[in-house]
Amino acid sequence: MTTRIYVPMDSSAEAMGAKKTAAAIVAEAEKRGEKIELVRNGSRGLYWLEPMVEVETPEGRVAYGPVTAKDVAGLFDAGLTKGGKHALSLGLTEEIPYLKKQERLTFARVGIIDPFSIEDYTKHEGFEGLKKALKLAPADIVKEVTDSGLRGRGGAAFPTGIKWNTVLGAQADQKYIVCNADEGDSGTFSDRMLMEGDPMCLIEGMTIAGLAVGATKGYIYCREEYPHSIRNLNKAIEICVKAGYLGKNILGSGKDFDLIVREGAGAYICGEETSLLESVEGNRGLVRFKPPLPALQGLFGKPTVINNVMSLGSVPIILARGGEFYKNYGMGRSRGTLPFQLTGNLKHGGLVEKAFGLTLRELLYDFGGGSASGRPIRAVQVGGPLGAYVPESQFDIPLDYEEYAKVGAMVGHGGLVVFDDTVDLAQMSRYAMEFCAIESCGKCTPCRIGSTRGVETIDKIIAGKERGKNIALLNSLCDTMLNGSLCALGGMAPYPVVSALKHFPEDFGIDKTAAA
Amino acid sequence: MTTTPTLSDQQKKSLDDILARLKDEPGPLFPILHAIQDELGWVPEETVPAIAKALNRSRAEIHGVITFYHHFRTHPVGKHMVQVCRAEACQSMGSVALECHVKESLGIDYHGTTADGQISLEAVYCLGNCALSPSIRVNDDIVGRVSKERFDEVIAELRSAQ
Ligand SMILES: Cc1cc2nc3c(=O)[nH]c(=O)nc-3n(C[C@H](O)[C@H](O)[C@H](O)COP(=O)(O)O)c2cc1C
Ligand code: SF4
Ligand code: FES
């Protein structure tokens, strides 16, 4: 009998040697005359266990990890193809607490299916949302998304249904769906995981968006740093077109939707939606003034839906199961689930999809297992390089857009970067300003010049030069950037700095008791 | 640095092919620049007039786009591209010390190429491997949990795989 063995092709799994592990498994099976079918799946997101190998058994899938090439012969000795016991055994995959405790909606298939198998995809509810959408009027598709309470997962958390409605209402000969796959935030990788591990989910979500607003063409703008995502998307698009789920006359409906992947070129600012559009059009990535909204005059001047990968990737299940189903997860105005990304100095880094409302403490300790270094966790940067540094006193605030905003922090794209007590928040603040200076598009002065002044001022503070005066200067500089920048790069780069000053003044040489 | 190498006939033909193939795409400049860099390893200044002509845009505009984006290179690079992640998650796991080691062991700074022409070095800001930081990218592959020793191994492997 042929045994199905899974070894992820996910970039992070390969970063730990998955390709060599896969090759070793094939070679070992051949040597022993054991029949196997190797599937290169996505990652389950239990990254500290990568490369994680799974074997299909009558009881379910059994996991082993981390499996390097040199472990492979021993695993076969222990009866790998029958799910035999070994020092690297993790038991039934679905029973691993890290996975079992999650609420995987957007990531329901990632790590389970072969990313290029239509059969696998449809067996796991794939294209159910599309089939439903094909039977609905455009306004009813939009209504389903509005009812779900889905808000943009790219950072700004704008209600997706409202955006779609604006584009639906716009009159034009051509409309576009653009997927923002620029995922530039440090501490994030959920877009990448989905594009590599379940690219058809994004394709389906974009096709549904096209049907909803009357767009017949879509672009996926994927960052250049993700070559494997680009490869997988292109391959999946080809397969979907051949199978009739994409392109001309989708499933015989008479509706068309074409999808093109565009590669970025290493500019963080191109994650900002109007800069992204400039880039697709072949220009420098200068941020555009708004209005006009991209929803009315977006790509090539036409009405355009721009959404993050996670937003669009959540659409298929919303359509398949209904807006109400999705809305039942979450708290307050943060509905549904968010795929949190646990990164940095953590023992168990990975992807945790949960309904909004859980706390950082649960993520850091119940899931993350505490710091990788074994030292106390001192600060967590939530929401990317423009997000605040959150101190332990705030670890119990529920992860909810509004609750975080109340304390000057943001949930953003759901990335957490964990630092132990060796971190120097003055240095991290300096880096935040440096990053802003490097990535500024240069259109407005507070961002372009302010960030460079910020670096200089923090350097003086670190060196102990006229500390009081320079801290006042830094605060006023942050204020100018916050209020005078055209987009959130300059407008939010002060958040990490201000939060560091507020919660960790001692790192700037300020007496904690004296600081207000 | 001041002398611009001339494109070989072969390279000129590649350029013409790329332009013919892509110039009628909507928003053709990015696909064209990527194709040129994939083919030649960089985007030589000499390609600018041909691109400008094919797209009916000014040379200054094309030049402006090329220089705006970190990824497009206006100088030739080594056989292998090594990028070190400088972003926060990697910093939390010691990337600052790793950066020092990388520069010292290769004997070059960012934007530099080793004397043997084997390895070029660039900084990068997040590779999406933040759960297994610190991270580097070697050509199109990521390496995770990069210690100094692991880095040396990777480089040795690159150099021996000629
Ligand atoms: C500097 C900057 C970088 C951004 N980077 C990204 C990004 O990488 N991915 C993303 O989806 N949105 C990013 N955004 C947000 C986008 O401008 C936009 O809000 C988003 O694509 C809308 O999609 P959503 O509503 O589905 O979130 C960024 C914004 C700014 C100001
Ligand atoms: S804030 Fe910075 S990145 Fe944003 S538009 Fe102004 S200069 Fe450009
Ligand atoms: S911060 Fe280095 S890989 Fe993300």
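Residues numbered from 1 in each chain as written. Chains lettered and ligands numbered in written order. Predicted model: local features only at pLDDT ≥ 70, side-chain atom pairs only at ≥ 80, totals over all residues. Heavy atoms only, no water.

K.L.:
Any chance you could explain the overall build of chain B here in plain terms?
P.N.:
Helices and strands together make up the secondary structure of chain B, namely seven helices and four strands. Along its sequence from the N terminus, chain B presents helices and strands in the succession α-α-α-α-β-α-α-β-β-β-α. Based on the C-alpha atoms only, the size of chain B along its principal axes is roughly 50 × 30 × 25 Å. Taking all 162 residues of chain B together, the buried fraction comes to 55%. Working note: accessible area of chain B is about 7500 Å², and carbon and sulfur atoms make up 50% of it. (Helix = DSSP H or I, 4+ residues; strand = E, 2+ residues; numbered from the N terminus. Buried < 20%, exposed > 50% of the residue type's maximum accessible area, 1.4 Å probe, protein only. Areas by Shrake-Rupley, 256 points an atom, 1.4 Å probe, with all protein chains shown as cover.)

K.L.:
Help me understand the environment of A:Gly408, please; the structure alone is not making it clear to me.
P.N.:
Residue and element names in this part refer to chain A. Residue placement: glycine 408 occurs in the loop between helix 16 (401–406) and strand 16 (415–420). Through-space distance from the C-alpha of glycine 408 to that of tyrosine 495 is 7.4 Å; in sequence the pair is 87 residues apart. Non-local contacts of glycine 408, meaning those with residues more than four positions away in its chain, are made with Ala388 and Tyr495. (Contact = heavy atoms within 4.5 Å.)

K.L.:
Would you mind showing me how to read the pattern of salt bridges here?
P.N.:
When the charged atoms of two side chains with opposite charge come close together, those side chains can pair. The tally for this structure, following the rule as stated, stands at 48 salt bridges over all chains. Across the pair A:Arg453 and A:Glu456 runs a salt bridge, and its minimum N-O distance is 3.2 Å. With a gap of three residues between them, A:Arg453 and A:Glu456 both fall in helix 18 (residues 445–463), about one helical turn apart. Measuring nitrogen to oxygen at the nearest pair gives 3.0 Å for the salt bridge that ties B:Asp17 to B:Lys13. Remark: B:Lys13 and B:Asp17 occur in helix 1 (residues 9–22); sequence separation between them is four residues, near one turn of the helix. Of the residues examined, B:Asp17 reaches a relative accessible area of 41% and is grouped as partly exposed. (Salt bridge = Lys/Arg side-chain N within 4 Å of Asp/Glu carboxyl O.)

K.L.:
What is the right way to look at empty space enclosed by the protein in this model?
P.N.:
To locate leftover empty space, one rolls a probe as large as a water molecule over the atoms. All names here are of chain A. Counted by the stated rule, this structure contains four cavities of 30 Å³ or more. In this structure, the largest cavity occupies an estimated 80 Å³ of space. In this structure, the largest cavity is lined by 13 residues; those nearest its centre are Val287, Cys441, Cys444, Cys447 and Cys487. A class-by-class count of the residues in the lining of the largest cavity yields eight nonpolar, four polar and one charged. Put simply, the second largest cavity is a space of about 40 Å³. Along its surface, the second largest cavity is lined by Ala133, Leu134, Leu136, Pro138, Ile141, Leu211 and Lys255. When residues of the lining of the second largest cavity are traced back to their parent elements, those giving at least two are helix 6 (128–135) and helix 7 (138–148). For the lining of the second largest cavity, a count of residues per class yields six nonpolar, no polar and one charged. (1 Å grid on protein atoms, 1.4 Å probe; cavity = no way out; pocket = protein on both sides within 12 Å on 5 of 7 lines; lining within 4 Å. Points joined across faces, edges and corners; volume = space filled by probe spheres on them. Nonpolar A, V, L, I, M, F, W, Y, C, P; charged D, E, K, R; others polar.)

K.L.:
Is there a simple way to explain the site of ligand 2 in this structure?
P.N.:
Residue and element names in this part refer to chain A. As a structural note, the neighbourhood of ligand 2 is formed by 13 residues, with Cys441, Lys443, Cys444, Cys447 and Cys487 the closest of them. Judged by the fraction of its atoms near the pocket grid, ligand 2 is located in the largest cavity. Along the lines of polarity and charge, the residues of the shell around ligand 2 split into eight nonpolar, four polar and one charged. (Near = heavy atom within 4 Å. Sits in = over half its atoms within 2 Å of the grid points.)

K.L.:
Can you walk me through the site of ligand 1 in this structure?
P.N.:
All names here are of chain A. The immediate surroundings of ligand 1 are formed by 19 residues, with Gly154, Asn180, Asn307, Asn308 and Ser311 found nearest. Contacts to ligand 1 include arginine 153, whose backbone N or O atom sits 3.3 Å from an oxygen atom. The contact in question runs from an oxygen atom of ligand 1 to an N or O atom on the backbone of glutamate 273, over 3.0 Å. Here ligand 1 loses 91% of its free accessible area of 610 Å² to cover by the protein chains. Elements with a minimum of two residues in the shell around ligand 1: strand 9 (304–308) and helix 20 (488–492). Looking at side-chain class alone, the shell around ligand 1 contains five nonpolar, eight polar and six charged residues. (Polar contact = N/O pair within 3.5 Å; in protein donor to acceptor, adjacent residues only side chain to side chain.)

K.L.:
Mind showing me how you'd approach the packing of helix 17 (residues 425–439) of chain A against helix 21 (residues 494–503) of chain A here?
P.N.:
Any two packed helices are characterised by how steeply their axes cross, that is the angle between the axes, and by the distance between the axes. All names here are of chain A. It is at 8 Å that the axes of helix 17 and helix 21 come closest, and there the two elements cross at 165 degrees. Compared by their axis directions, helix 17 and helix 21 come out roughly antiparallel. Considering only the axes of helix 17 and helix 21, their crossing is left-handed. Facing Leu425, Ser429, Ala432 and Met433 of helix 17, the residues of helix 21 in contact are Pro496, Val497 and Ala500. (Axes fitted to C-alpha atoms, helices over the stretch in contact; angles between N-to-C directions. Parallel < 35°, antiparallel > 145°, perpendicular 65-115°, else oblique. Left-handed = near helix turned anticlockwise from the far one by under 90°.)

K.L.:
Which parts of the structure should I look at to understand the interface of chain A and chain B?
P.N.:
How big an interface is tends to be reported as the loss of accessible area on association of its parts. Taken residue by residue, the interface counts 63 residues in chain A and 41 residues in chain B. Taken together, the two surfaces of chain A and chain B that pack against each other cover about 3900 Å², and 54% of this comes from carbon and sulfur. Inspection of the region where chain A meets chain B yields five salt bridges. Two residues, B:Glu157 and A:Lys20, come together in a salt bridge whose shortest N-O distance is 3.8 Å. Taken together, chain A and chain B are joined by 26 residue pairs in polar contact (both at pLDDT 80 or more). Top contributing element to the side of chain A that touches chain B by residue count: helix 17 of chain A, with six residues. Considering only residue class, the side of chain A that touches chain B consists of 29 nonpolar, 19 polar and 15 charged. (Buried area = accessible area lost by both parts, 1.4 Å probe.)

K.L.:
Help me understand the confidence of the model for chain B in this model?
P.N.:
Low pLDDT means the predicted atomic positions in that stretch should not be read closely. Summing up the model confidence of chain B, the mean pLDDT is 95 and the portion of residues at 70 or higher is 96%. Reported for the predicted complex are a pTM of 0.98 and an ipTM of 0.96. (pLDDT = per-residue confidence, 0-100.)

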